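Spelled out from the first residue to the last, the chains are:
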Amino acid sequence: MSSAKERMIARAAREITPGMVVNLGIGLPTQVVNHLPRDFPVCLHTENGMTGIGPTLTPDQADRNLIDAGGSYVSTVPGSAFFDSATSFAMVRSGRLDLTMLGAFEVSASGDLANWKIPGKFSPGVGGGVELAQKARRVVVLTTHTDRAGNPKLKETCSLPLTARACVARIFTDMAVIDVTPRGFVLVETLGGISAAEVAEATGAPLLLPDTDLPEFEARHGR
Amino acid sequence: MRLPDKSCKIASAIAKIKPGDRVMIGGFGVPGTPMTLIQALVDHGADNLTIIKNDANEPGMGIDHLLQSGQVSRLITTHLGLNTHAISLMNTGQIEVEFNAQGILAERIRAGGAGIGAVLSDIGIGTELAVGKQVVEIAGKPHLVETALRADVALIHADRADIFGNLAYVATAQNFNPLMAMAADCVIAETETLLPLGGLAANAVHTAGVFVDHVAELAELSKEYAVVQR
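Residues numbered from 1 in each chain as written. Chains lettered and ligands numbered in written order. Predicted model: local features only at pLDDT ≥ 70, side-chain atom pairs only at ≥ 80, totals over all residues. Heavy atoms only, no water.

1. Looking at the overall build of chain B
A count of helical and extended segments in chain B gives 6 helices and 11 strands. Taking 2.2 N^0.38 as the reference for a compact globule, 230 residues should give roughly 17 Å; the C-alpha atoms of chain B span a radius of gyration of 18 Å, in line with that estimate. Taken along the three principal axes of its C-alpha coordinates, chain B extends 50 × 40 × 35 Å. Sequence separation of at least 24 residues holds for 72% of the intrachain contacts in chain B that already meet a minimum separation of 6. A total of about 9,200 Å² of accessible surface is found on chain B, and carbon and sulfur atoms cover 54% of it. For chain B, the centre of its 16 positive side-chain charges and the centre of its 24 negative side-chain charges are spaced 4 Å apart. (Helix = DSSP H or I, 4+ residues; strand = E, 2+ residues; numbered from the N terminus. Rg over C-alpha atoms; globule rule 2.2 N^0.38 Å. Contact = heavy atoms within 4.5 Å. Areas by Shrake-Rupley, 256 points an atom, 1.4 Å probe, with all protein chains shown as cover. Lys, Arg positive; Asp, Glu negative; His and termini not counted. Charge placed at Lys NZ, Arg CZ, Asp CG, Glu CD.)

2. Things to note about the overall build of chain A
When its secondary structure is counted, chain A shows 4 helices and 14 strands. Its C-alpha radius of gyration of 17 Å places chain A within 12% of the 17 Å reference for a compact globule of 223 residues. On the principal axes, the C-alpha backbone points of chain A span a range of 50 × 40 × 30 Å. A buried classification covers 55% of the 223 residues belonging to chain A. (Buried < 20%, exposed > 50% of the residue type's maximum accessible area, 1.4 Å probe, protein only.)

3. Some points on the interface of chain B and chain A
Across the contact, 44 residues belong to chain B and 38 residues belong to chain A. For the pairing of chain B and chain A, the buried interface totals around 3,200 Å² over both sides, and the portion due to carbon and sulfur atoms is 58%. On the surface where chain B and chain A come into contact, there are 4 salt bridges. A salt bridge links A:Arg93 to B:Glu107; the shortest N-O distance between them is 3.5 Å. Here chain B and chain A share 19 residue pairs in polar contact (both at pLDDT 80 or more) between them. Mapped onto the side of chain B that touches chain A, the elements with two or more residues apiece are α4 (84–91), α5 (102–113) and α6 (177–180) of chain B. The leading source of residues in the side of chain B that touches chain A is α5(B), at 6 residues. For the side of chain B that touches chain A, the residue count by class is 23 nonpolar, 15 polar and 6 charged. (Buried area = accessible area lost by both parts, 1.4 Å probe. Salt bridge = Lys/Arg side-chain N within 4 Å of Asp/Glu carboxyl O. Polar contact = N/O pair within 3.5 Å; in protein donor to acceptor, adjacent residues only side chain to side chain. Nonpolar A, V, L, I, M, F, W, Y, C, P; charged D, E, K, R; others polar.)

4. Describing the environment of A:Met20
Its location among the elements puts A:Met20 in the loop between α1 (3–13) and β1 (21–24). Each C-alpha atom, one on A:Met20 and one on A:Leu97, is 7.7 Å from the other, the two residues being 77 residues apart in sequence.

5. A few points about the nonpolar core
Ranked by size, the top nonpolar core spans 58 residues in total, and within it A:Ile16, A:Val32, A:Met101, A:Leu113, A:Val168 and A:Phe185 carry the most contacts. With residues near it in sequence (within four places) discarded, A:Val32 still touches A:Ile9, A:Ala12, A:Ala13, A:Ile16, A:Leu24, A:Met101 and A:Leu142. Of all hydrophobic cores here, the second largest spans 42 residues; its members include A:Ala62, B:Ile10, B:Met35 and B:Phe99. (Core = buried A, V, L, I, M, F, W, Y, C linked by side-chain atoms within 4.5 Å.)

6. Here we look at the pattern of salt bridges
Tallying each qualifying case throughout the model produces 19 salt bridges over all chains. Among the salt bridges present, the one from A:Glu15 reaches A:Arg170, with a minimum N-O distance of 3.3 Å. Of this pair, A:Glu15 sits in the loop between α1 and β1 while A:Arg170 sits in strand β10 (residues 168–172); the two residues are 155 residues apart in sequence, bridging distant segments of the chain. When sorted by exposure, A:Glu15 lands in the same class as A:Arg170, which is buried. B:Arg150 is paired through a salt bridge with B:Asp185; the nearest N and O atoms lie 3.1 Å apart. Here B:Arg150, found in the loop between β7 (141–147) and β8 (151–162), pairs with B:Asp185, found in strand β10 (residues 184–195); they are 35 residues apart in sequence, far enough to count as distant. The class for B:Arg150 is partly exposed, based on a relative accessible area of 36%. Counted as one network, the salt bridges with shared partners bring together A:Glu15, A:Arg138, A:Arg170 and A:Asp179.

7. Quick word on the pairing of strand β11 (residues 176–181) of chain A
Residues and elements named next belong to chain A. With respect to burial, β11 is a largely interior element, 5 of its 6 residues being buried. Pairing between β10 and β11: 3 bridges, direction antiparallel. Bridge pairing in β11 places phenylalanine 172 opposite valine 177. In this antiparallel pair of consecutive strands, β10 and β11, the connection spans 3 residues. What sits between β11 and strand β12 (residues 184–191) in their antiparallel hairpin is a turn of 2 residues. (Pairing = 2+ DSSP bridges.)

8. Regarding α1(A)
Each full turn of the α-helix corresponds to 3.6 residues, which orients residues three or four apart in the same direction. Regarding α1(A), the residues found buried are A:Ala4, A:Met8, A:Ile9, A:Ala10, A:Arg11, A:Ala12 and A:Ala13. Buried residues along α1(A) sit against β5 (99–102), β8 (139–142), β10, β11, β12 and β14 (216–217) of chain A.

9. So, the sheet that holds strand β9 (residues 154–155) of chain A
Strand pairing in a sheet takes place through backbone hydrogen bonds and is either antiparallel or parallel in direction. All names here are of chain A. Strand order in this open sheet of 3 strands is β7-β6-β9, and the pairing throughout is mixed. Pairing within the sheet leaves two strands with one partner each, and these edge strands are β7 (113–114) and β9. Relative to β7, strand β6 (residues 106–108) is paired through 2 bridges, and the arrangement is antiparallel. Pairing of glutamate 106 across the sheet is with alanine 114, part of β7.

10. A word on the packing of aromatic side chains
All names here are of chain A. Per the stated rule, a full pass over the model turns up 1 aromatic pair over all chains. Residues phenylalanine 105 and phenylalanine 122 carry aromatic rings whose centres are separated by 5.6 Å and whose planes lie at 85 degrees to one another, so their mutual orientation is edge-to-face. In this pair, phenylalanine 105 sits in the loop between β5 and β6 while phenylalanine 122 sits in the loop between β7 and α3 (129–135), placing the two residues 17 residues apart along the sequence. Judged by its relative accessible area of 23%, phenylalanine 105 is partly exposed. Judged by relative accessible area, which is 37%, phenylalanine 122 ranks as partly exposed. (Phe/Tyr/Trp six-rings, centres within 6.5 Å; stacked < 30°, edge-to-face > 60°.)

What follows is the structure, encoded as structure tokens:
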């Protein structure tokens with residue numbers, strides 16, 4: 001993985017504050033946990049029926065009955081709980097998740113999220129994504145700033161089928177941290193070495209700049 | 001008084017499944033998927049089935065065997081991401097697939113098991129998941145009518161059970177099993193350990209045996225239950 005992606009993941013980890021209940025979506029968000037200090041007080045939730053996710057296990061260490069929603073073998077921590085799928089999503093829909101981190105194909109300037117379907121190419125089903133996007137108290141996205149062809153993933157409006165409308169609060173990319181506000185995208189931080197102009201060039205909608213100096217972010221291990 | 005004995009042979013329980021039946025199958029990935037009951041359904045051969053299951057397992061595992069054997073005409077599910085074969089059958093029109101938001105599938109099944117006609121939710125409003133669904137206004141806000149789901153048969157995997165059909169699950173093998181165990185006309189459970197009456201403490205029961213029609217002990221666990229080496 002590129003170091004820019006690693007630094008994005010490390011920066012996103014600082015979004016998690018002590019005491020939160022957090023769901024980390026499949027893909028890049030799952031790796032955020034690797035950047036949390038070992039004793040950090042947080043409760044990780046997974047849709048298939050568990051709170052208190054512990055470290056990921058290799059196949060030879062794994063319990064065959066203990067996976068996360070992405071199919072990785074995980075462990076318990078003292079205080080973990082198991083429950084059925086209805087209970088798991090009762091937690092999601094009733095607002096028990098303080099934060100969810102999701103991947104994205106597209107995010108619009110009004111915070112619409114498209115991350116489950118590319119008609120004709122990719123349609124594995126929506127899984128738990130709609131409920132996470134619509135009901136977590138804070139939804140942040142981790143994504144590369146552009147797709148493999150270099151097209152912006154942050155756009156004025158989404159062209160792909162939506163997961164949920166007006167749900168994304170903040171976007172972490174391999175170039176910048178960007179907030180979704182009533183005025184549209186606002187640049188919050190850039191990755192060290194990348195200019196605001198470069199970020200704006202790679203963004204498919206107007207990008208507002210703060211009045212103050214723009215902080216740069218780097219990986220900060222161990223808080 | 002003595003509670004009835006519902007222990008059975010797997011083949012004789014599975015023989016009750018008819019062509020065209022709706023069959024709920026527990027499991028999320030490998031954990032909780034009743035691999036042995038699924039294999040018995042393949043051997044039994046009833047076709048034109050509607051399968052209701054969270055996911056389609058992986059190629060060569062779980063309900064993929066029912067897809068391979070051509071017994072499935074319709075799949076009500078949430079996510080097929082780990083089964084390229086299922087996606088290919090869907091894309092070529094060989095099976096019809098209905099996608100549900102995962103927690104809404106769980107609630108529709110829970111409603112079916114609880115004798116409720118539908119649940120109301122705002123999940124999916126403004127997306128293509130809302131297309132074709134009745135909308136009602138509750139407290140000034142639009143909600144989608146999510147109709148209850150029931151099945152002719154449910155196939156369940158338990159860790160422990162007693163011969164009355166009281167069931168207990170472990171870890172993330174719980175998932176859809178306790179919900180589906182309440183939502184079918186005929187509920188068949190396989191269990192890793194079958195206990196005599198009293199062997200499963202009343203406080204340890206997750207699914208009350210009243211919901212369960214047949215319970216069978218697994219002689220051994222096939223390779224499909226094991227940790228997947230990726």
